Amino acid sequence: MNKDLLTDFEAQWVPQINTYLDENMQTVSNQAQLTAAMRYSVLAGGKRLRPILSLAVLTVFGCEITPANLRASVALELMHTYSLIHDDLPAMDNDNLRRGQPTSHVKFGEDLAILAGDALQPLAFQWLADSDLPADQVAAMTLGLAQAAGPTGMVAGQVADVKGAGHQLPLAALQQLHREKTGALIHYAVLSGLIQAQVPTNQRAAYLEFADAFGLAFQIYDDILDVTSTPAQLGKQTHKDAGEHKNTYPGLLGLDGANAALTAAVTHAQQALAQAAGPDNTLLAAFLTYFTN
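Residues numbered from 1 in each chain as written. Predicted model: local features only at pLDDT ≥ 70, side-chain atom pairs only at ≥ 80, totals over all residues. Heavy atoms only, no water.

**A short note on the overall build of the chain**
Counting secondary structure elements, the chain contains 15 helices and two strands. At 18 Å, the chain has a C-alpha radius of gyration in line with the 19 Å of a compact globule built from 293 residues. When its C-alpha atoms are laid out on the principal axes, the chain stretches across 50 × 45 × 35 Å. Taken across its 293 residues, the chain has 52% of its residues classed as buried. Put simply, 74% of the contacts in the chain that link residues at least 6 apart link residues at least 24 apart. Carbon and sulfur atoms make up 54% of the accessible area of the chain, which amounts to about 12,800 Å² in all. Considering the chain, the positive charge centre built from 16 side chains and the negative charge centre built from 28 side chains are found 3 Å apart. (Helix = DSSP H or I, 4+ residues; strand = E, 2+ residues; numbered from the N terminus. Rg over C-alpha atoms; globule rule 2.2 N^0.38 Å. Buried < 20%, exposed > 50% of the residue type's maximum accessible area, 1.4 Å probe, protein only. Contact = heavy atoms within 4.5 Å. Areas by Shrake-Rupley, 256 points an atom, 1.4 Å probe, with all protein chains shown as cover. Lys, Arg positive; Asp, Glu negative; His and termini not counted. Charge placed at Lys NZ, Arg CZ, Asp CG, Glu CD.)

Take a look at the structure:
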């Protein structure tokens, strides 16, 4: 795994994603406060991991990344940001810090934060619809994103997370929770790239298996960092999960067990890529260096 390859790819595309978001969110609403709240959370920073994954798939398959590809891929960041705004709300995780800044409801009030999230979700579908990609690709991505974000995906995982607090879930249920809450949008990020790269359906399975293993590793790693890091390092409150009796991998397996589960998930992702037929997947493998920090 080549960490420099990922670093270089991020250096190429993260600034372009940030610029695109900044320029295209200046007039998203005729309500100045709503626009300000939407822009505040979207432009607060972050790894831009999900659109970067989509663009990496396109790159692996030798596709030129057009403005239409960029718009459709960046749309996922709008959906992700909506989920963060709502996840931080007092009725959910009640977080006051996100990416080192006050969360949306702290900055703008709970009412406007909810509405900013509500606006970002359909805006993601709008950017897909008006991206100028072929209609069949737009339809496939719209379906995939709706499934990933909706009642059998991210929202289902959030329900399981909220309702599961206070009693310990078995490992299989914890894996399902995070497959939905965190993994679903990562699965879609890879799927979106495969759709845009016109990869035949029967050649996608190994890449989607990689996506699912990566998503699981991502959540385990996040759980570990919540235990081992400081708010200054993460840009958000730490040790909250244990205090609120949330279900986490360190809480269920202990820190050593969580690290072993992380290693297993990374190995699974590597094995999936090794089975993927076609192009050189070195760039996608480089994403696994994220867990060596």
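**Here we look at the nonpolar core**
Generally speaking, a soluble globular protein has its nonpolar side chains buried in company with each other. Core analysis: the largest hydrophobic core is formed by 91 residues, its most contacted members being Leu53, Phe214 and Phe291. Setting aside anything within four residues of it in sequence, one finds Phe291 in contact with Phe214, Ala217, Phe218, Tyr221, Leu262 and Val266. (Core = buried A, V, L, I, M, F, W, Y, C linked by side-chain atoms within 4.5 Å.)

**What about unusual backbone geometry?**
Despite not being glycine, Arg48 has its phi angle at roughly 55°, a positive value. Within the secondary structure, Arg48 is located in the loop between helix 2 (32-42) and helix 3 (49-60). Phi is positive for Asn94, close to 55°, though the residue is something other than glycine. Along the chain, Asn94 turns up in the loop between helix 4 (67-87) and strand 1 (97-98).

**Structural notes on the packing of helix 11 (residues 205-228) against helix 14 (residues 249-275)**
Direction vectors running N to C along helix 11 and helix 14 enclose 155°, while the axes themselves pass 8 Å from each other. The orientation of helix 11 with respect to helix 14, classified from their angle, is roughly antiparallel. Like other packed secondary-structure pairs, helix 11 and helix 14 cross with a definite hand, here left-handed. For the contact of helix 11 with helix 14, the residue count by class is 22 nonpolar, four polar and two charged. (Axes fitted to C-alpha atoms, helices over the stretch in contact; angles between N-to-C directions. Parallel < 35°, antiparallel > 145°, perpendicular 65-115°, else oblique. Left-handed = near helix turned anticlockwise from the far one by under 90°. Nonpolar A, V, L, I, M, F, W, Y, C, P; charged D, E, K, R; others polar.)

**A short note on the packing of aromatic side chains**
Tallying each qualifying case throughout the model produces eleven aromatic pairs. Taking 5.5 Å as the distance between ring centres and 15° as the angle between the ring planes, the aromatic pair formed by Phe218 and Tyr290 counts as stacked. On the criterion of sequence distance, the pair formed by Phe218 in helix 11 and Tyr290 in the segment after helix 15 (282-286) is long-range, its members being 72 residues apart. As far as burial versus exposure is concerned, Phe218 and Tyr290 are alike and both buried. Three or more aromatic residues joined by ring pairs form one cluster here, namely Phe210, Phe214, Phe218, Tyr221, Phe287, Tyr290 and Phe291. One residue, Arg50, lies across the ring of Phe218, its end atom 5.6 Å from the ring centre. (Phe/Tyr/Trp six-rings, centres within 6.5 Å; stacked < 30°, edge-to-face > 60°. Lys NZ or Arg CZ within 6 Å of the ring centre and 35° of its normal.)

**Thoughts on helix 8 (residues 154-164)**
Within helix 8, the full set of buried residues consists of Met154, Ala156, Gly157, Gln158, Asp161 and Gly164. For helix 8, the elements touching its buried residues are helix 4, helix 7 (135-149), helix 9 (171-181) and helix 10 (183-196).

**Describing the packing of helix 9 against helix 14**
Axis separation between helix 9 and helix 14 bottoms out at 11 Å; the angle between their running directions is 105°. By the angle between their axes, helix 9 is roughly perpendicular relative to helix 14. Contact residues: Leu171, Leu174, Gln175 and His178 in helix 9; Tyr249, Leu252 and Leu253 in helix 14. Grouping the constituent residues of the contact of helix 9 with helix 14 by class yields five nonpolar, two polar and no charged.

**What about helix 6 (residues 110-129)?**
In this model, helix 6 (20 residues) spans 30 Å end to end at C-alpha, consistent with the 28 Å of a helix rising 1.5 Å per residue. Regarding helix 6, the residues found buried are Leu112, Ala113, Ala116, Gly117, Ala119, Leu120, Leu123, Ala124, Trp127 and Leu128. (Expected span 1.5 Å × (residues − 1).)

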